[in-house]
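Letter by letter, the chains look like this.
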Amino acid sequence: MARSSNERKKQKKEKEVILLTDSESDESFTSEEIDWNAPEPNIIFMPSSCSHFRIPVKVAKAMGIDRCGKVTIKNRRGVETNLNVTAEPKRGKKKNRFSVLGWPAWVRENNIKKGYLCVLEWYEDMPTLFVRDVIEE
């Protein structure tokens, strides 16, 4: 049976692993350890020590955050926390960046120590981040 053009596009679509930092850089990296043929999820690595959690524009749009202005973070115990997201213009650029308000408080409330890395899963058209793991950096 021949595959539709949408199926072919989905198969060709690359997954991206994004490491977020406090820097102004939008750089991302890919990892050899991720199974890129798996249908989902996409991964974000977020250091617990960061005072700002900025979701890249293409991720915010894919998740639908740009439309609803909120994100839900679901921890490993299944507890959900709804956080507001603001769109703020990037210096010298026309596109926005999306900042999650309340990230430092969420880290404290979930007893995540500084120097740890939160591994977050996200899915298209779902404004929820799922905590997959918390690992020591």
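Use the structure listed above.
What you are looking at is a predicted structure, and each value in this text was computed from that prediction instead of being measured.

**Section: the overall build of the chain**
Alright, step 1. Along its length, the chain carries 4 helices and 8 strands.
Alright, step 2. Tracing the chain from N to C terminus, the helices and strands come up as α-β-β-β-α-α-β-β-β-α-β-β.
Alright, step 3. The buried share among the 137 residues of the chain stands at 36%.
Alright, step 4. In the chain, 58% of the contacts between residues at least 6 apart in sequence involve partners at least 24 apart.
Alright, step 5. On the chain, roughly 9,000 Å² of surface is accessible, and the fraction owed to carbon and sulfur atoms is 48%.

**A word on the environment of V131**
Alright, step 1. With respect to the helices and strands, the residue V131 is situated in strand β8 (residues 126-136).
Alright, step 2. Along the sequence, V131 and K74 sit 57 residues apart, while their C-alpha atoms lie 6.2 Å from each other.
Alright, step 3. Here V131 is in contact with I73, K74, N75, R76, W106, V119 and L120, once residues within four sequence places are set aside.

**Describing unusual backbone geometry**
Alright, step 1. A positive phi angle, near 55°, is found at N111, a position not held by glycine.
Alright, step 2. In this structure, D125 is a non-glycine residue whose phi angle is positive, near 60°.

Thresholds, definitions, all that
- Residues numbered from 1 in each chain as written.
- Predicted model: local features only at pLDDT ≥ 70, side-chain atom pairs only at ≥ 80, totals over all residues.
- Heavy atoms only, no water.
- Helix = DSSP H or I, 4+ residues; strand = E, 2+ residues; numbered from the N terminus.
- Buried < 20%, exposed > 50% of the residue type's maximum accessible area, 1.4 Å probe, protein only.
- Contact = heavy atoms within 4.5 Å.
- Areas by Shrake-Rupley, 256 points an atom, 1.4 Å probe, with all protein chains shown as cover.

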